[in-house]
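# Structural characterization, general
Here is what each chain is made of, one letter per residue.
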Amino acid sequence: VMSQAEYRLEDEEYRAQINETLAEEGLKYTGKTPTRHILWIIVEEIGEKKFKALVKRQLEGLRLAPFYGCYLVRPSKALKFYEKPERETCLEDLTEWVGATVVDFPGKTACCGFPIVTINEKASLKMVGNHTSTAKDLGAAAMVTPCPLCHLNLDGFQSKAGKTIGSQINLPIIHLPQLLGLALGISPEKLRLNKHIVSTKVFLSELALQP
């Protein structure tokens, strides 16, 4: 959303209108503070070599399904994918940098269902069920997402979604900072991995860690 606002404010006439309103509060938008997602900062600015040097715990053998969601990939023009094509695979790249194996699946850039959960819960639950069950059927031990709303929906509503599609899914949903924390040697307790709705016990046991 911030990237889209930044993109719109590149238009001089529109920016002048906004600054006219901001002037009443003694403020001015100059466009000198770019929008950066933590995922982009790590991949584009820190880079593979420097990041790997910080890794204390290789997550080898762990099969993770990446889930971008929709906000991190749309609109692509505002997110400057034409300038930074690596953004299309940055989550997969970072997953591999921590030693895990990527489990690719077609729904990784689709909506998680959160934006419609209060107006069309049935459709939202179907999205949750389809994404998580597909990833699990493909062999994923967990799903990793950089979006807090995706994490909230895919973890919090997964049990209910399973009942909707007639299947117990039980696929842990890991927020990107938690994955990074594990690789950097932070304990699961500090990362609050024991507070998830879908249990992370089996997921952590594969890493010989306690939840």
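For the structure itself, consult the block above.
Quick summary incoming for the structure in this document. Quantities reported herein were computed from a predicted structural model and do not represent experimental measurements.

Calculation criteria
Residues numbered from 1 in each chain as written. Predicted model: local features only at pLDDT ≥ 70, side-chain atom pairs only at ≥ 80, totals over all residues. Heavy atoms only, no water. Helix = DSSP H or I, 4+ residues; strand = E, 2+ residues; numbered from the N terminus. Contact = heavy atoms within 4.5 Å. 1 Å grid on protein atoms, 1.4 Å probe; cavity = no way out; pocket = protein on both sides within 12 Å on 5 of 7 lines; lining within 4 Å. Points joined across faces, edges and corners; volume = space filled by probe spheres on them. Nonpolar A, V, L, I, M, F, W, Y, C, P; charged D, E, K, R; others polar. Disulfide = S-S within 2.5 Å. Buried < 20%, exposed > 50% of the residue type's maximum accessible area, 1.4 Å probe, protein only. Pairing = 2+ DSSP bridges. Axes fitted to C-alpha atoms, helices over the stretch in contact; angles between N-to-C directions. Salt bridge = Lys/Arg side-chain N within 4 Å of Asp/Glu carboxyl O.

## Observations concerning the side chain of His131
- Residue placement: His131 occurs in helix α5 (residues 121-137).
- If sequence neighbours within four positions are ignored, His131 has contacts with Phe67, Phe105, Gly107, Ala110, Cys111, Cys112 and Met143.

## Focus: empty space enclosed by the protein
- If you walk through the whole model with that rule in mind, you get 1 cavity of 30 Å³ or more.
- Of the voids in this model, the largest cavity is the one considered here, and its volume is about 30 Å³.
- As for the largest cavity, its lining consists of Gly69, Cys70, Tyr71, Cys111, Cys112, Pro115, Cys147, Leu149 and Cys150.
- Taken together, the residues of the lining of the largest cavity break down into 8 nonpolar, 1 polar and no charged.

## Regarding the state of the cysteines
- Summed over the entire model, instances satisfying the criterion amount to 0 disulfides.
- Not engaged in a disulfide, the cysteine Cys111 finds its nearest cysteine sulfur in Cys70; these two sulfurs lie 4.1 Å apart.
- With a relative accessible area of 23%, Cys111 lands in the partly exposed category.
- Here Cys147 is not disulfide-linked; the sulfur of Cys150 is the nearest cysteine sulfur, at 3.7 Å.

## Describing the layout of surface pockets
- Considered as a void within the structure, the largest pocket measures approximately 390 Å³ in volume.
- Along the wall of the largest pocket there are 17 residues; nearest its centre are Val1, Met2, His37, Tyr71 and Leu72.
- Of all the secondary-structure elements, those providing two or more residues to the lining of the largest pocket are α1 (2-8) and α6 (148-156).
- In the lining of the largest pocket, the residues fall into 12 nonpolar, 4 polar and 1 charged.
- By volume, the second largest pocket amounts to about 160 Å³.
- Forming the walls of the second largest pocket are Gln158, Ser159, Gly162, Lys163, Ser167, Gln168, Ile169, Asn170, Ile197, Val198 and Ser199.

## A closer look at α6
- Within α6 the residues assigned to the buried category are Cys150, His151, Asn153, Leu154 and Asp155.
- Taken together, the buried residues of α6 touch α5, β3 (142-145), α7 (158-165), β4 (173-175) and α8 (176-183).

## Thoughts on the sheet that holds strand β2 (residues 101-102)
- Judged by pairing direction, the sheet is parallel, and its 4 strands sit side by side in the order β2-β1-β3-β4 without closing on themselves. Unpaired on one side and paired on the other, β2 and β4 mark the two borders of the sheet.
- Pairing geometry for strand β1 (residues 63-66) and β2, over 2 bridges, is parallel. Within β2, the residue paired with Arg63 across the bridge is Thr101.
- On the sheet, α6 packs against β3 and β4 and is oriented at approximately 160° with respect to β4.

## Considerations on the pattern of salt bridges
- One pass over the full model with this rule turns up 6 salt bridges.
- Note that Arg36 and Glu45 form a salt bridge whose closest N and O atoms lie 3.5 Å from each other.
- By relative accessible area, which is 39% here, Arg36 ends up partly exposed.
- Salt-bridge contacts for Glu92 lead to Lys108; the nearest nitrogen and oxygen are separated by 2.5 Å. Linking Glu92 in helix α4 (residues 90-97) with Lys108 in the loop between β2 and α5, this pair joins segments that are 16 residues apart in sequence. The same class applies to Glu92 and to Lys108, which are both buried.
- By sharing partners, the salt bridges in this structure join Glu92, Asp104 and Lys108 into a single network.

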